[in-house]
Amino acid sequence: MISNISWGLYFTALGPILFLYYTVVLLLFFRNELQSLFESKPSRTRATQAAELKVHSNASEGSVIDGMETVVKDLRQILHNAGKDADKQELLQQLNSRLAGYNGLRHPVFQPAIITYLINNAESVCGVSFSEQELVRGWENLPR
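Counting restarts for each chain: residues are numbered from 1 in the order of the written sequence. pLDDT decides what is reported in this predicted model: residues at 70 or higher carry local features, side-chain atom pairs at 80 or more are listed and counted, and totals for whole chains, interfaces and linings draw on all residues regardless. Note: side-chain values were computed over all heavy atoms of the structure, leaving out hydrogens and water.

Turning next to the packing of helix α1 (residues 7–29) against helix α2 (residues 31–38). To define axes, lines are fitted to C-alpha atoms, for helices over the stretch in contact only, and angles between the resulting N-to-C directions are given on a 0 to 180 degree scale. For helices the rule is a DSSP run of H or I covering at least 4 residues; for strands it is a run of E covering at least 2, with both sets numbered from the N terminus onward. Packing of α1 against α2 leaves a shortest axis separation of 5 Å and a crossing angle of 90°. Comparing their axes, α2 and α1 come out roughly perpendicular. Contact residues: Leu26, Leu27, Leu28 and Phe29 in α1; Arg31, Glu33 and Leu34 in α2. Residues are grouped as follows: nonpolar covers Ala, Val, Leu, Ile, Met, Phe, Trp, Tyr, Cys and Pro; charged covers Asp, Glu, Lys and Arg; every other residue, Gly included, is treated as polar. Across the contact of α1 with α2, the residue classes tally to 5 nonpolar, no polar and 2 charged. An angle below 35 degrees is treated as roughly parallel, one above 145 as roughly antiparallel, one from 65 to 115 as roughly perpendicular, and anything else as oblique. The contact criterion used throughout is that any non-hydrogen atoms of two residues lie within 4.5 Å.

Here you go:
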């Protein structure tokens, strides 16, 4: 029976079936977009909303990046001011007070960068060694 079906007949039957399937999918899932497509006044589509959201998130991410530069400068200044005579708890308290309110600590890239920066520079500049757990534990209770 399958040998009696040609490719031409197969595609002739498949075409209308696919057309009906995609028509049903469009009507069920993209009804609002289709209505706005046929309306006279342009309305916001999902693509427009996504673009606006992306612009907004890029703007807020840009402010986090700008804030990161300021935070790193301030952290460097705290470490240099503390010098080799730094007390570990006082230094940790100063660092935490500077990082209070910084939203970049919630960002998945910035927090590890700050941790690495502080571990490396506190050791070389102040002679104080921090562990990652000490720094994160101090940041958990910070107001943001």
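This part takes up the packing of aromatic side chains. Think of it this way: a Phe, Tyr or Trp ring, Trp meaning its six-membered ring, pairs with another when their centres are within 6.5 Å, and the plane angle makes it stacked under 30 degrees, edge-to-face over 60, tilted otherwise. Scanning the entire structure with this criterion turns up 4 aromatic pairs. With a centroid separation of 5.8 Å and 90° between ring planes, the pair formed by tryptophan 7 and tyrosine 10 is classed as edge-to-face. Taken together, the residues tryptophan 7 and tyrosine 10, both in helix α1 and 3 residues apart, mark about one turn of the helix. Note on tryptophan 7: relative accessible area 65%, which makes it exposed. Categorising residues by exposure relies on relative accessible area from a 1.4 Å probe, with only protein chains included: less than 20% of the type maximum marks a residue as buried, more than 50% marks it as exposed, and the intermediate range marks it as partly exposed. Owing to a relative accessible area of 40%, tyrosine 10 belongs among the partly exposed residues under this scheme. Taking the centre distance of 5.0 Å and the plane angle of 80° together, the rings of tyrosine 21 and tyrosine 22 count as edge-to-face. Members of the aromatic cluster, connected to one another through ring pairs, are Trp7, Tyr10 and Phe11.

Any carboxyl oxygen of Asp or Glu that lies within 4 Å of a side-chain nitrogen of Lys or Arg is treated as forming a salt bridge with it. Per the counting criterion, the structure on display carries 2 salt bridges. A salt bridge links aspartate 74 to arginine 98, with the shortest nitrogen-to-oxygen separation between them at 2.6 Å. Of this pair, aspartate 74 sits in helix α3 (residues 46–82) while arginine 98 sits in helix α4 (residues 88–99), and the two are 24 residues apart along the sequence. Judged by relative accessible area, which is 24%, arginine 98 ranks as partly exposed. Of the charged contacts, one joins lysine 88 and glutamate 134 as a salt bridge, the two residues approaching to 2.9 Å between their closest N and O atoms. With lysine 88 in helix α4 and glutamate 134 in helix α6 (residues 132–139), this pair connects stretches of sequence that are 46 residues apart.

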